[in-house]
Amino acid sequence: SPQDYTIHNSVICGFEQLGHQVYHYNFRTDIKKWEEKFNINSRRLPYAYRSKWNNYFFKKINQNHQAVFDNKKPDIVFVYNNEMLLPETVAYFKNKGAKLIFLMGDSPYYTNTSDYYLSLLFYADLIVAPDSFWLSQLNLLGLKNTILEFFHIAVEENSLNTQENHQLPKHD
């Protein structure tokens, strides 16, 4: 996910507090600004042109995803929405032994970023969503590895060390 999304800090903070090493990769840092802007508007193009663009753009992004994966060799890959992944890239991650967790922020039934989002979820070891309706619809499609979860907002690092942030309220 982009670094300015709250979920980015929440997930990283949580896993680091549990003692896990976390590496974040944002494909947006490896594409040119004009490519990102053009891609946003590419849905308006006729299919023949859009298809050629998508072949170029998705291939470039997925080669970068795979290179980072091969370099870091993660045990778990967290994907926020679809991150412009292709099914063959996700299958590659699975074949190399990684577990895949999809953190949903957008509906998989309508997204203007990728036509592959829904098909990617069939590779998931776990799907985490903030919407019970999305999950019930995914369950109807046969995806049972789903949970409903609402992520908290990560607190500032300075306040992580304070006692009150680590204690649950006491009940009599």
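What counts, and at which threshold
- Residues numbered from 1 in each chain as written.
- Predicted model: local features only at pLDDT ≥ 70, side-chain atom pairs only at ≥ 80, totals over all residues.
- Heavy atoms only, no water.
- Core = buried A, V, L, I, M, F, W, Y, C linked by side-chain atoms within 4.5 Å.
- Buried < 20%, exposed > 50% of the residue type's maximum accessible area, 1.4 Å probe, protein only.
- Helix = DSSP H or I, 4+ residues; strand = E, 2+ residues; numbered from the N terminus.
- Contact = heavy atoms within 4.5 Å.
- Pairing = 2+ DSSP bridges.
- Axes fitted to C-alpha atoms, helices over the stretch in contact; angles between N-to-C directions.
- Expected span 1.5 Å × (residues − 1).
- Salt bridge = Lys/Arg side-chain N within 4 Å of Asp/Glu carboxyl O.
- Parallel < 35°, antiparallel > 145°, perpendicular 65-115°, else oblique.
- Nonpolar A, V, L, I, M, F, W, Y, C, P; charged D, E, K, R; others polar.
- Patch = residues over 30% accessible without salt bridge, like charges linked within 9 Å, V, L, I, M, F, W, Y side chains within 5 Å.
- Areas by Shrake-Rupley, 256 points an atom, 1.4 Å probe, with all protein chains shown as cover.

K.L.:
Sorry if this is basic, but what is going on with the nonpolar core here?
P.N.:
In globular proteins that are soluble, nonpolar side chains generally tend to be buried together. Formed by 20 residues in total, the largest nonpolar core has its most connected members in Val-77, Phe-93, Phe-102, Met-104, Leu-121, Ile-127 and Leu-138. Of all the secondary-structure elements, those providing two or more residues to this core are strand S1 (76–80), helix H4 (87–95), strand S2 (99–103), helix H5 (117–120), strand S3 (126–129) and helix H6 (132–140). Per element, the largest residue contribution to this core is three residues, and it comes from H6. With sequence-adjacent residues up to four places away left out, Leu-121 is seen in contact with Phe-102, Met-104, Pro-108, Ile-127, Leu-138 and Leu-143. Among the nonpolar cores identified, the runner-up in size contains ten residues, and Tyr-25, Phe-27, Trp-53 and Ile-61 belong to it.

K.L.:
For this particular structure, what's the right way to read the sheet that holds S3?
P.N.:
In any sheet, the strands associate via hydrogen bonds between backbone groups, in a parallel or an antiparallel arrangement. The four strands are arranged S1-S2-S3-S4 in an open sheet whose pairing can be described as parallel. Among the strands making up the open sheet, the edge pair consists of S1 and strand S4 (146–148). With strand direction ignored, the average angle separating the axes of adjacent strands in the sheet is 20 degrees. Both S1 and S2 contribute to a ladder of five bridges, which runs parallel. Directly across from Ile-76, in S2, lies its bridge partner Lys-99. Its contacts with the sheet place H6 against S3 and S4, and it is angled at close to 165 degrees to S4.

K.L.:
Can you help me understand helix H3 (residues 47–72) in this one?
P.N.:
In an α-helix there are 3.6 residues to a turn, and that puts residues three or four apart on one side. Its 26 residues place the ends of H3 36 Å apart at the C-alpha level, agreeing with the 38 Å of an ideal helix rising 1.5 Å per residue. Residues of H3 that are buried: Arg-50, Trp-53, Asn-54, Phe-57, Phe-58, Lys-60, Ile-61, Asn-62, His-65, Val-68 and Phe-69. The inward-facing, buried residues of H3 contact helix H2 (33–41), S1 and H4. After H3 finishes, the residue Lys-73 shows a positive phi value of roughly 50 degrees.

K.L.:
Got a minute to help me understand the pattern of salt bridges in this structure?
P.N.:
Any two side chains of opposite charge can pair if their charged atoms end up close together. Taken as a whole, this structure holds five salt bridges when the rule is applied. Glu-83 is the salt-bridge partner of Arg-28, the closest N and O atoms lying 3.2 Å from each other. With Arg-28 in the loop between helix H1 (6–17) and H2 and Glu-83 in the loop between S1 and H4, the pair connects residues that are 55 residues apart, well separated along the chain. For Arg-43, the salt bridge is made with Asp-115, and the minimal N-O distance between the two is 3.1 Å. Of the two residues, Arg-43 is situated in the loop between H2 and H3 and Asp-115 in the loop between S2 and H5; the sequence distance between them amounts to 72 residues. Under the relative-accessibility criterion, Asp-115 is labelled exposed at 57%.

K.L.:
I'm lost on the packing of H3 against H4 in this one. Help?
P.N.:
How two helices pack is summed up by the angle between their axes together with the distance between the axes. Closest axis-to-axis distance for the H3/H4 pair is 10 Å, and the angle between their directions is 10 degrees. With respect to their mutual orientation, H3 and H4 come out roughly parallel. Between H3, through Asn-62, His-65, Gln-66, Phe-69 and Asp-70, and H4, the contact on the second element is made entirely by Thr-89, Tyr-92 and Phe-93. When its residues are assigned to classes, the contact of H3 with H4 shows three nonpolar, four polar and one charged.

K.L.:
Looking at this structure, I do not really get a nonpolar patch on the surface. What am I missing?
P.N.:
The grouping of Tyr-109, Phe-122, Tyr-123 and Leu-141 at the surface amounts to a nonpolar patch, some 380 Å² of accessible area in total. Along the chain, the position of Tyr-123 falls in the loop between H5 and S3.

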